[in-house]
Amino acid sequence: QLEKQSECFEKRLQETQTKSMQDALTKLNNRAAFDEYFSKQMVRYHHDAFDLAIVVLDLDDFKRINDTYGHAAGDKTLQVIANTLTKHIAKNVFIGRYGGEEFVLIFNNVKKQKLLTELNSIRKKISILPFKFKNNKVSITMSIGATHVKKEDNIHIAFERADKALYQAKELGKNRVVYL
């Protein structure tokens, strides 16, 4: 009896831990999972350098969707984007929802050119998704900032550079990838 209760408790604990690292809406990894994964990758990188890239993606003009069509439409949009990322990005890539309409990716052992090719491919796939709200076809685009980790980087410096690249993509007209 006690063993059964212990197994049940252990299973519930495992489920709770999994949920604590998962974004409830999109079922992607959440920010806590990102922080943990990225810090482990940075430790690995500083021990034995490899191509480690961090990518920040942000939906363009997302507020307009929420304001015009409601939060249910916004939620549905985020779920479709999450599914598209999961379906079209390699299985060994970390995919997470950072917050709001912002997503993060972590690529291991990918050179700059292959990274840019993959990111532009996913950006194009997202831009042609057939969104329809209240009988209106809506085009959704994504701006993307990317960088590779450098020897002198810590977690914050690498993330800030990817984030800066994202803001440059926005300033340059959105729906593009910028690499710094």
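The model shown is predicted, which means the values in this text are computed figures rather than measured ones. (Residues numbered from 1 in each chain as written. Predicted model: local features only at pLDDT ≥ 70, side-chain atom pairs only at ≥ 80, totals over all residues. Heavy atoms only, no water.)

A. Summary view of the overall build of the protein chain. The number of helices and strands found in the protein chain is six helices and seven strands. In the protein chain, the order of α-helices and β-strands from amino to carboxyl end is α-α-β-α-α-β-β-α-β-β-β-α-β. Across its three principal axes, the protein chain shows a C-alpha extent of roughly 60 × 45 × 25 Å. A separation of at least 24 residues holds for 68% of the contacts in the protein chain among residues at least 6 apart in sequence. Carbon together with sulfur atoms contributes 52% to the accessible area of the protein chain, which is approximately 10500 Å² in total. (Helix = DSSP H or I, 4+ residues; strand = E, 2+ residues; numbered from the N terminus. Contact = heavy atoms within 4.5 Å. Areas by Shrake-Rupley, 256 points an atom, 1.4 Å probe, with all protein chains shown as cover.)

B. Up close: the side chain of T147. Turning to its location among the elements, T147 is positioned in strand β6 (residues 142-148). The buried category is assigned to T147, whose relative accessible area is 0%. Setting aside residues up to four positions removed in sequence, T147 forms contacts with L52, A53, I54, A158, R161, A162, Y179 and L180. (Buried < 20%, exposed > 50% of the residue type's maximum accessible area, 1.4 Å probe, protein only.)

C. Region of interest: the packing of helix α2 (residues 31-47) against helix α6 (residues 155-171). At a closest axis distance of 10 Å, the pairing of α2 and α6 adopts a crossing angle of 115°. Judged by the angle between their axes, α2 and α6 are roughly perpendicular. The element α2 and its partner α6 pack so that their crossing is right-handed. Side by side, α2 and α6 meet where F34, F38, S39 and M42 of the first sit next to I155, A158 and F159 of the second. Tallied by class, residues from the contact of α2 with α6 come to six nonpolar, one polar and no charged. (Axes fitted to C-alpha atoms, helices over the stretch in contact; angles between N-to-C directions. Parallel < 35°, antiparallel > 145°, perpendicular 65-115°, else oblique. Left-handed = near helix turned anticlockwise from the far one by under 90°. Nonpolar A, V, L, I, M, F, W, Y, C, P; charged D, E, K, R; others polar.)

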